[in-house]
Amino acid sequence: FRTLAPGVVLVLIVALMSSCGSDGDTDATDSGPTRDTTSGGPDNAAQKGFSLVSPGGAAALLEDPPADLVILDVRTPDEYNEGHIEGSIMLDFYEADFADRLAELDPDVPYLVYCRSGNRSGQTTQLMEGLGFSTVYDVDGGVIAWAEAGLELEK
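Remember, predicted model here, so these are calculated numbers, not experimental data. The numbers attached to residues start from 1 for each chain and follow its sequence in the written order. Owing to the predicted nature of the model, reporting of local features is limited to residues with pLDDT of at least 70; listing and counting of side-chain atom pairs is limited to 80 or more, with chain, interface and lining totals taken over all residues. Calculation of side-chain values draws on the structure's entire complement of heavy atoms; hydrogens and water are dropped beforehand.

Description of the overall build of the protein chain
- For helices the rule is a DSSP run of H or I covering at least 4 residues; for strands it is a run of E covering at least 2, with both sets numbered from the N terminus onward. Within the protein chain one finds 6 helices and 5 strands.
- Secondary structure of the protein chain in N-to-C order comes out as α-β-α-β-α-β-α-β-α-β-α.
- Think of it in three bands: with a 1.4 Å probe and only protein chains considered, a residue is buried below 20% of the maximum accessible area for its type, exposed above 50%, and partly exposed in between. Across the 155 residues that make up the protein chain, the buried fraction comes to 45%.
- On the protein chain, roughly 8100 Å² of surface is accessible, and the fraction owed to carbon and sulfur atoms is 52%. Surface exposure here means Shrake-Rupley accessible area, sampled with a 1.4 Å probe, where a residue is shielded only by the protein chains that are shown.

Structure follows, in structure tokens:
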């Protein structure tokens, strides 16, 4: 740990603590080659790449976010207005220019992406990988799992 940056050590500790409370059950349709689930399972948020994180792991990430973290909600405007993670920006997955607008985002900053259940965010992270984004965390189970975990949504 001495050679790791203090922020990386903190994220590792949070990830390990979060994974202890996880049942490890993830939706097989949401996991794939773009997900880094090695060295700590789905809550591994300590390295660059693409990670599937539990709602608790995402909340911990937001408590001490990496520099320039963008919280990206890929639901519709109506869904967003029903409740969203504080500080998130919305980019409607169903808009015809979604991929073009996604490509306009800075690929070098980290992103926390979520949708309703994990389907659209999973597809979004695959697009982001193809566009050369470096660090993306996908909330496992989306806003449904976030709310079921008792975490707050802003309206």
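Continuing now.
Things to note about the pattern of salt bridges
- Only one rule defines a salt bridge in this text: a Lys or Arg side-chain nitrogen within 4 Å of an Asp or Glu carboxyl oxygen. If you walk through the whole model with that rule in mind, you get 2 salt bridges.
- Notably, a salt bridge pairs D73 with R75, separated by 2.8 Å at the nearest N-O pair. Grouping residues by exposure puts D73 and R75 together as buried.
- Taking the shortest distance from any N to any O, the salt bridge between E79 and R120 comes out at 2.9 Å. Taken together, the residues E79 in helix α3 (residues 77-82) and R120 in helix α5 (residues 119-130) connect sequence positions 41 residues apart.

Re the pairing of strand β4 (residues 111-114)
- Going residue by residue along β4, you find Y111 and V113 tucked away on one face and L112 and Y114 tucked away on the opposite face as well.
- Here strand β2 (residues 70-73) pairs with β4 via 4 bridges, running parallel. Residue I71 lies in a different strand from β4, and its bridge partner there is L112.
- Bridging between β4 and strand β5 (residues 135-139) involves 3 bridges; their strand directions are parallel. The pairing criterion is simple: DSSP has to find at least two bridges between the two strands.

Re a negative patch on the surface
- The patches described consist of residues with a relative accessible area above 30% and no salt bridge, like charges being joined within 9 Å and nonpolar side chains (Val, Leu, Ile, Met, Phe, Trp, Tyr) within 5 Å. When charges are counted, neither His nor the chain ends are considered; positive counts come from Lys and Arg and negative counts from Asp and Glu. Think of each charge as sitting on NZ of Lys, CZ of Arg, CG of Asp or CD of Glu. On the surface, E95, D97, D100 and E104 cluster together into a patch of negative charge.
- Here E104 lies in the loop between α4 (98-103) and β4.

Topic: the sheet that holds β4
- Read across the open sheet, the 5 strands follow the order β1-β5-β4-β2-β3; overall the sheet is parallel. Each of the sheet's edge strands pairs with one partner strand only, and the pair in question is β1 (49-53) and β3 (89-90).

Some words on the environment of L62
- Looking at where L62 falls in the secondary structure, it is placed in helix α2 (residues 55-63).
- Residues L62 and I85, spaced 23 residues apart in sequence, show a C-alpha to C-alpha distance of 10.0 Å.
- Contact between two residues is taken to exist if any of their heavy atoms lie within 4.5 Å; hydrogens are not considered. Beyond its immediate chain neighbours, meaning those up to four positions away, L62 contacts L69, I71, I85, L112 and W146.

Description of unusual backbone geometry
- One non-glycine residue, D68, lies in positive phi territory at about 65 degrees.
- You can see D68 is positioned in the loop between α2 and β2.

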